[in-house]
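Listed here are the chains, written in short residue letters.
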Amino acid sequence: MNFPKLFIIVSVLLFGSIFFASVIKNSKKKTGDSELVVPAGDIVLEQEVRVLDENLSKLSFPAEMPLKMRSDSELPHANRIAELFNITAPQLPIVETITYKSRVSWQKGRPAWLSDYAGHYHTSRHFIARSLNGKPDYLKQDIAEGDRFAVFKEDRPLEFYLLVDLSRAKLWFYYHDLESDERVLLKTYAVGLGRPDASKPSGSLTPMGKYKLGDKIAIYEPNKMGYYQGQKTELIRVFGTRWIPFEQEIEDCSAPAKGFGIHGLPWALNERGELVEVRSSLGKYESDGCIRLATEDIEEIFAIVVTKPTVIELVKDFYEAKLPGKELH
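This structure is a prediction, so every number in the text was calculated from the model and none was measured.

## Considerations on the packing of aromatic side chains
For any pair of aromatic rings, the description rests on two quantities: the centre-to-centre distance and the angle between the ring planes.
So, step 1. Tallied over the entire structure, the rule returns 17 aromatic pairs.
So, step 2. Geometrically, the ring pair formed by W106 and Y117 is edge-to-face, given 5.1 Å between the ring centres and 85° between the ring planes. Separated by 11 residues along the polypeptide, W106 in the loop between strand 3 (95-99) and helix 4 (114-120) and Y117 in helix 4 bring together distant segments of the chain.
So, step 3. Taken together, a centroid distance of 6.5 Å and an interplanar angle of 45° make the contact between F173 and Y189 tilted. Taken together, the residues F173 in strand 6 (residues 170-177) and Y189 in strand 7 (residues 182-190) connect sequence positions 16 residues apart.

And the structure:
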């Protein structure tokens, strides 16, 4: 073989090697800390992208954050309860302040008592009492001519919405103005939930889904007896001081409404023989499926919601909720 021919062969082999190495280099794709090498001429990239897209489409991500779950610090938080009961600013737009008069046109000549105002304004006596007393005192309901207190506005179509996050043992309390379709967060609470049960969709005895709360409400005090699971018992030891039942399944419910509700923490005798609430059960999974709240919290919610339509939604994660209306901060 003469030199010119040898030079040509060597050149072809050299440039061929460089070209092949270039193709291999350009075919390398980094995935995390490893590299995916796609052989030249093997058309698999489009297939891999399509499979990846199909898998991503099955995942659910929060709005405006497609590939990152938000941390707990990004969850909404509020405490605007005082703005419901205030008789002066700041005051939420769903309430108004009125002055008590024993003679009013809508009583048709009969004297009006606090309970009459409660019925007329679809505002509970407990709500009016807290506003009158300027503190969370729901039982002192003395009223005199000229006293001022807050009530829900007569012409404001309104409902309340409770959202329970089963994984975080928290409750978000909203009002939903049906006229403007605006949703306002009033307060967040810690709750106790049902015992773990892997056979249930929720992973616990507490159901998932959206329910309407009922009007067969109850107030419990020490020594008030009743039947629970077929046995006569002091009901405050089971339900705390307040009980609001689930009444009707609305959407995606994993269990019937009957038997479930929201209520206070159970009470028990302490080492001194005093009947007190068991605060240690808050935030834990120990109930038969109901939602437990601290005494001051369930009494607060009770005073506000019992005269208005109220929905409770239970989800595994806050970001799975189907909240009504548009958020107003």
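## Observations regarding the UniProt feature "active site" (unreviewed entry) in the protein
So, step 1. On the UniProt side, "active site" (unreviewed entry) is annotated at positions that read H263 and C290 here. A maximum C-alpha distance of 7.4 Å is found for the annotated residues, which run over 28 residues; spatially they form one tight group.
So, step 2. Among the structural elements, H263 can be located in strand 14 (residues 261-264).
So, step 3. Residue classification places H263 among the buried positions, given a relative accessible area of 3%.
So, step 4. Mapped onto the elements, C290 comes out in the loop between strand 17 (285-287) and strand 18 (291-293).

## Some words on unusual backbone geometry
So, step 1. The residue after A89, namely P90, is reached through a cis peptide bond having omega 0°.
So, step 2. Mapped onto the elements of the fold, P90 is located in the loop between helix 3 (82-85) and strand 3.
So, step 3. Even without being a glycine, A169 presents a positive backbone phi close to 55°.
So, step 4. Along the chain, the position of A169 falls in the loop between strand 5 (158-165) and strand 6.
So, step 5. For A169, a relative accessible area of 6% gives the class buried.

## What to know about the packing of helix 5 (residues 125-133) against helix 7 (residues 295-305)
So, step 1. Running from N to C, helix 5 and helix 7 point in directions that differ by 115°, and their axes come no closer than 7 Å. Here helix 5 lies roughly perpendicular to helix 7, going by the angle between them. Touching H126, F127 and R130 of helix 5 are E300, F302, A303 and I304, all from helix 7.
So, step 2. Across the contact of helix 5 with helix 7, the residue classes break down as 4 nonpolar, 1 polar and 2 charged.

Scoring rules and cut-offs
- Residues numbered from 1 in each chain as written.
- Predicted model: local features only at pLDDT ≥ 70, side-chain atom pairs only at ≥ 80, totals over all residues.
- Heavy atoms only, no water.
- Phe/Tyr/Trp six-rings, centres within 6.5 Å; stacked < 30°, edge-to-face > 60°.
- Helix = DSSP H or I, 4+ residues; strand = E, 2+ residues; numbered from the N terminus.
- UniProt positions renumbered as here; feature names shortened; annotations may be inferred.
- Buried < 20%, exposed > 50% of the residue type's maximum accessible area, 1.4 Å probe, protein only.
- Axes fitted to C-alpha atoms, helices over the stretch in contact; angles between N-to-C directions.
- Parallel < 35°, antiparallel > 145°, perpendicular 65-115°, else oblique.
- Contact = heavy atoms within 4.5 Å.
- Nonpolar A, V, L, I, M, F, W, Y, C, P; charged D, E, K, R; others polar.

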